2 protein chains.
Amino acid sequence: MPEGSNLTVGDLILEEVRKLTYRDLVSRIEHTVLRPNAGVEAVRRACMESIEHGFHGCCVPPWLVKEASEILSGTQVRVVTVAGFPLGNVPVKTKVFELREAAVQGAQEVDVVVNVSAVRSGMWDYVRDEVSELVDAAREVGCVLKLIVETSLLSDDEVRRLSGIAVDLGVDFIKTNTGFGPRGVTVHDVIVIKEATQGRARIKAAGGIRHVEDAVALIMAGADRIGTSSGVEIAREFTAYRQ
Amino acid sequence: MPEGSNLTVGDLILEEVRKLTYRDLVSRIEHTVLRPNAGVEAVRRACMESIEHGFHGCCVPPWLVKEASEILSGTQVRVVTVAGFPLGNVPVKTKVFELREAAVQGAQEVDVVVNVSAVRSGMWDYVRDEVSELVDAAREVGCVLKLIVETSLLSDDEVRRLSGIAVDLGVDFIKTNTGFGPRGVTVHDVIVIKEATQGRARIKAAGGIRHVEDAVALIMAGADRIGTSSGVEIAREFTAYRQ
């Protein structure tokens with residue numbers, strides 16, 4: 001805290017909340033429903049909520065992409081799904097198959113988990129090849145590709161190196177976390193990725209984001225998108241702050 | 001506890017431990033290494049440990065099946081892997097692709113997570129079709145098929161009905177849990193599945209099994225296999241009890 005300043009981090013965030021428009025916030029949110037026991041109705045509801053609140057996208061389980069794309073067709077809400085999720089430990093072939101299949105079913109953006117095990121094993125050539133194949137497949141089918149680096153299982157140095165490889169190969173977004181790891185996203189994660197990517201890839205913060213203050217702190221740190229299962233609550237909290 | 005008996009459940013389990021041979025125990029264990037940040041060396045080590053201790057199999061991440069099958073080739077240890085893991089929320093097509101790919105790489109047994117979301121949504125026709133396609137694919141490639149029902153996300157009634165469908169369709173094993181759900185396996189889970197399957201499918205207990213007493217209690221309840229990342233410790237504890 002600089003001498004003479006009475007502002008707390010909380011104050012700064014609230015100030016930022018007041019500067020954002022509702023549209024600034026919701027246009028960054030990818031409303032997400034990936035818990036394995038979420039029924040079809042919960043996914044349909046999340047799609048409807050995404051339309052209602054004007055969220056950027058709705059991130060749905062791979063087996064329900066078609067369902068979601070039917071509901072979201074003709075709206076501004078993008079159909080988002082995942083691949084190699086959440087462990088990232090399937091063969092590259094499987095991730096590419098999942099990505100292509102998702103696109104066929106109507107997905108416009110696919111969040112793919114990197115092979116964390118290969119990163120941890122220092123197999124950087126393998127990692128580079130995997131990311132390169134994913135970029136090629138995503139371009140071919142016309143999907144936005146987000147690479148999930150799962151910061152909760154990597155060191156900062158690993159996140160930096162991986163982010164560097166990803167931007168060199170043309171990944172569209174670095175996504176911080178799956179939400180199924182040992183912890184969710186932190187402001188620090190976003191800053192580390194922002195420094196490593198230097199604006200050459202956008203950043204999706206995800207994992208444990210439940211409240212508007214957290215979403216805004218992550219946006220202030222550099223997040224272009226917010227992946228959260230609490231999109232509706234966050235929009236509601238935002239509105240309450242602005243009243 | 002029956003009147004006049006001084007035996008505790010703990011005593012009964014210890015009595016059972018003393019009745020089992022080392023071979024009885026280890027021949028039921030599938031030594032498992034599926035945490036996403038386990039490096040290649042950890043998987044190689046688990047394979048070597050499986051050979052050394054005479055475990056039934058070694059359950060490895062899908063991307064390392066080839067590696068494991070090379071290490072285990074010419075031994076009694078079976079190559080085991082997973083598909084649709086751990087969320088079960090990918091299309092049937094993807095699960096079938098993963099199963100086939102696993103077999104091509106050398107897997108002899110594949111543990112596939114059922115579509116928990118479909119079960120919870122009461123979509124029993126979908127579930128039946130999924131399991132049927134998995135059975136067909138497993139037969140075609142000559143793999144043992146274990147259906148993971150993830151008891152931690154289902155009611156007992158759902159587990160019973162699902163187990164019934166699985167045995168009717170010819171699934172080889174019902175596996176209780178992924179180890180990534182809200183809780184691990186319980187003795188109750190095994191008893192519920194045993195009653196529902198009536199010996200027409202075998203049972204693999206998995207999820208949170210760390211000690212010999214728990215492994216033996218699950219075997220007493222009806223488990224034919226024990227999936228655990230603590231195979232070596234359990235074998236060691238068994239030996240200590242028998243000394």
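Residues numbered from 1 in each chain as written. Chains lettered and ligands numbered in written order. Predicted model: local features only at pLDDT ≥ 70, side-chain atom pairs only at ≥ 80, totals over all residues. Heavy atoms only, no water.

(A) Layout of the relation of the copies chain A and chain B. Aligned on chain B, chain A shows an RMSD of 0.0 Å; the corresponding rotation is 180 degrees and the shift along the axis is 0.0 Å. In the structure described here, the two chain copies are related by an operation that fits a two-fold rotation axis. In this assembly, 100% of the residues forming the interface of chain A have copies in chain B that are likewise at the interface, indicating an isologous arrangement. (Least-squares fit on C-alpha atoms with pLDDT ≥ 70 in both. Contact = heavy atoms within 4.5 Å.)

(B) Local environment of the nonpolar core. Of all hydrophobic cores here, the largest spans 154 residues; its most connected members are Leu147(A), Leu162(A), Ile226(A), Leu147(B), Leu162(B) and Ile226(B). Among residues more than four places away in sequence, those in contact with Leu147(B) are Val112(B), Val114(B), Val131(B), Leu134(B), Leu162(B), Ala166(B), Val171(B), Phe173(B), Ile174(B) and Lys175(B). (Core = buried A, V, L, I, M, F, W, Y, C linked by side-chain atoms within 4.5 Å. Buried < 20%, exposed > 50% of the residue type's maximum accessible area, 1.4 Å probe, protein only.)

(C) A look at the packing of helix 3 (residues 40–53) of chain A against helix 4 (residues 65–72) of chain A. All names here are of chain A. Where helix 3 meets helix 4, the axes come as close as 10 Å, and the angle between the chain directions of the two elements is 30 degrees. With respect to helix 4, the axis of helix 3 lies roughly parallel. By crossing handedness, the relation of helix 3 to helix 4 is classed as right-handed. Of the residues in helix 4, those in contact with Val40, Arg44, Cys47, Met48 and Ile51 of helix 3 are Glu67, Ala68, Ile71 and Leu72. Split into classes, the residues belonging to the contact of helix 3 with helix 4 amount to 7 nonpolar, no polar and 2 charged. (Axes fitted to C-alpha atoms, helices over the stretch in contact; angles between N-to-C directions. Helix = DSSP H or I, 4+ residues; strand = E, 2+ residues; numbered from the N terminus. Parallel < 35°, antiparallel > 145°, perpendicular 65-115°, else oblique. Left-handed = near helix turned anticlockwise from the far one by under 90°. Nonpolar A, V, L, I, M, F, W, Y, C, P; charged D, E, K, R; others polar.)

(D) Structural detail: the sheet that holds strand 3 (residues 78–83) of chain B. Residues and elements named next belong to chain B. The strand order around the closed barrel built from 8 strands is 1-2-3-4-5-6-7-8, with neighbouring strands paired in parallel fashion. Neighbouring strand axes in the sheet, compared pairwise and without regard to direction, differ in orientation by 25 degrees on average. The pairing of strand 2 (residues 57–59) with strand 3 spans 3 bridges and is parallel. When the sheet's bridge partners are listed, cysteine 59 is paired in strand 3 with valine 80. In the packing of helix 7 (residues 124–141) onto the sheet, the strands contacted are strand 4 (109–113) and strand 5 (144–148), and the crossing angle to strand 5 comes to about 155 degrees. (Pairing = 2+ DSSP bridges.)

(E) Looking closely at the environment of Leu7(B). Residues and elements named next belong to chain B. Position of leucine 7 relative to the elements: it lies in the segment before helix 1 (9–19). On the basis of relative accessible area, leucine 7 is assigned to the partly exposed category, the value being 35%. In this structure, the C-alpha to C-alpha distance between leucine 7 and isoleucine 209, residues 202 residues apart in sequence, is 24 Å.

(F) Quick peek at the interface of chain A and chain B. In this complex, chain A contributes 30 residues to the contact, which on the side of chain B involves 30 residues. Of the roughly 2700 Å² buried between chain A and chain B on both sides combined, carbon and sulfur atoms contribute 69%. A per-residue breakdown of the area chain A buries against chain B is headed by Pro36(A), Trp63(A) and Leu87(A), which together make up 26% of the total. Between the two partners, chain A and chain B, sit 2 salt bridges. (Buried area = accessible area lost by both parts, 1.4 Å probe. Salt bridge = Lys/Arg side-chain N within 4 Å of Asp/Glu carboxyl O.)

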